[in-house]
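# Coordinate inspection notes
Each chain, letter by letter, is given below.
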Amino acid sequence: MHSSNHIHLTKQHLGLGLPTSKCYTLSKVGARTFKITSSWNSGSGHCSVSDRALTQLRDRWMEFHGIKNWEGLLDPLDDDLRKEILRYGEFVEAAYHCFDFDMSSPTYATCLYPESSMLTNCGLDKSGYKVIKNMYATCATQMPRWTKRFPNLSSPRSSWIGYVAICEDEEEIARLGRRDVVIAYRGTGTSSEWLENLRATLTYLPDDMAPENYDQPMVQSGFLSLYTTNTQCNLSLQETIREEIGNILDKYNDEPLSITVTGHSLGAALATLTAYDITTKFSHAPIVTVVSFGGPRVGNRVSDAN
């Protein structure tokens, strides 16, 4: 079984944070601010995905995805690695651009664009990737009754949270050295999600999600709830991920493949849970890497003895 690799950017502005070392443990839950707004700063500097780097990545992509624990790449930060981090940051930014934040809109908390034109509408039409699945997260908590008196606090239980995209451009696949799957999450966007963020008590990670050789890791209740809760109308985020990744692994089992999970804030926490889930559920999973931006701590730190 492949373990998931984790690049975590501590700054919210893309390109200003340095990636830390490989992460195999869950950290204690930290405090957060309650604010009903998008937590993403889209005014950050970035490099365009359409700006294809002259340096071929096909011979180095495994290093950039943590196969050698980013040895020799962090101090100073390797320029090509930085470009890759920024490239994945643009997929996160696209998740924000696609989300309808307008509470007065009849399509509030859904995706503004169809899958076929989503990346094009976000300026990523030359990325070589195609969106193949929309994803929804469901909150287990109910909004307090008093919030009904404040329309701006209204919030659906299930909201569009991100998408799965896969590289289908042959030229880009050759440049990357493999076919890459991106799972991208936005950050907190609804009142219900903020309530889940505030559920900071720890709960045990389910057995079918816990990585091997771990001693009962625990995660924040709200994050886990957003990942595993379903409704009669919507599959849970976990069910959607497992179904989609299973189909992808069956379809592309005869070629080099990578799975990159990326997100900001709440999306960074969900990215961590997603990576743990994929590497635990699928024993034949390829390299799974998390590129997270401004993410909170997800859970406790398990015994180093494991």
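These notes cover the structure that comes with them.

Here is what the cut-offs are and how they apply
Residues numbered from 1 in each chain as written. Predicted model: local features only at pLDDT ≥ 70, side-chain atom pairs only at ≥ 80, totals over all residues. Heavy atoms only, no water. Helix = DSSP H or I, 4+ residues; strand = E, 2+ residues; numbered from the N terminus. Expected span 1.5 Å × (residues − 1). Contact = heavy atoms within 4.5 Å. Disulfide = S-S within 2.5 Å. Buried < 20%, exposed > 50% of the residue type's maximum accessible area, 1.4 Å probe, protein only. Pairing = 2+ DSSP bridges. Axes fitted to C-alpha atoms, helices over the stretch in contact; angles between N-to-C directions. Parallel < 35°, antiparallel > 145°, perpendicular 65-115°, else oblique. Left-handed = near helix turned anticlockwise from the far one by under 90°. Core = buried A, V, L, I, M, F, W, Y, C linked by side-chain atoms within 4.5 Å.

Further remarks concern helix 7 (residues 237–251). If you check helix 7, its first and last C-alpha atoms are 21 Å apart, about what 15 residues at 1.5 Å a residue would give, namely 21 Å. Each element contacted by the buried residues of helix 7 is listed here: strand 2 (129–138), strand 3 (158–167), strand 4 (179–185), helix 6 (221–228), strand 7 (257–264) and helix 8 (266–281).

In total, this model carries zero disulfides according to the counting rule given. Between C111, a cysteine without a disulfide, and C98, which holds the nearest cysteine sulfur, the sulfur-to-sulfur distance is 4.4 Å. C111 sits in the buried class, given a relative accessible area of 16%.

Counted residue by residue, strand 4 has seven buried out of seven residues, so it is predominantly covered. Along strand 4, one buried face is formed by R179, V181, I183 and Y185 and the opposite face, lined by D180, V182 and A184, is buried too. Sheet topology places strand 3 next to strand 4; five bridges connect them, and they run antiparallel. Bridging across to strand 4, G162 finds its partner in Y185. Bridge count between strand 4 and strand 7: seven bridges; the pairing is parallel. Residue pairing for strand 7: V181 is matched across the bridge by I259.

Between helix 6 and helix 8, whose axes approach to 10 Å, the crossing angle comes to 65°. One way to sum up the angle between helix 6 and helix 8 is to call them roughly perpendicular. The way helix 6 lies across helix 8 gives a crossing that is right-handed. Contacts between helix 6 and helix 8 involve F223, L224, L226 and Y227 from the first element and L266, A269, L270, L273, T274 and D277 from the second.

The next thing to look at is the nonpolar core. In terms of nonpolar packing, the biggest core is built from 38 residues, with I183, Y185, I245 and I278 touching the most fellow members. For this core, the elements supplying multiple residues, two or more each, are strand 2, strand 3, strand 4, helix 6, helix 7, strand 7, helix 8 and strand 8 (287–293). It is helix 8 that contributes the most residues to this core, seven residues altogether. Counting residues in hydrophobic clusters, the runner-up holds 33 residues, among them A109, C122, A165 and C167.

It is worth stressing that arrangement in space is one thing and function is another; only the former is reported here.
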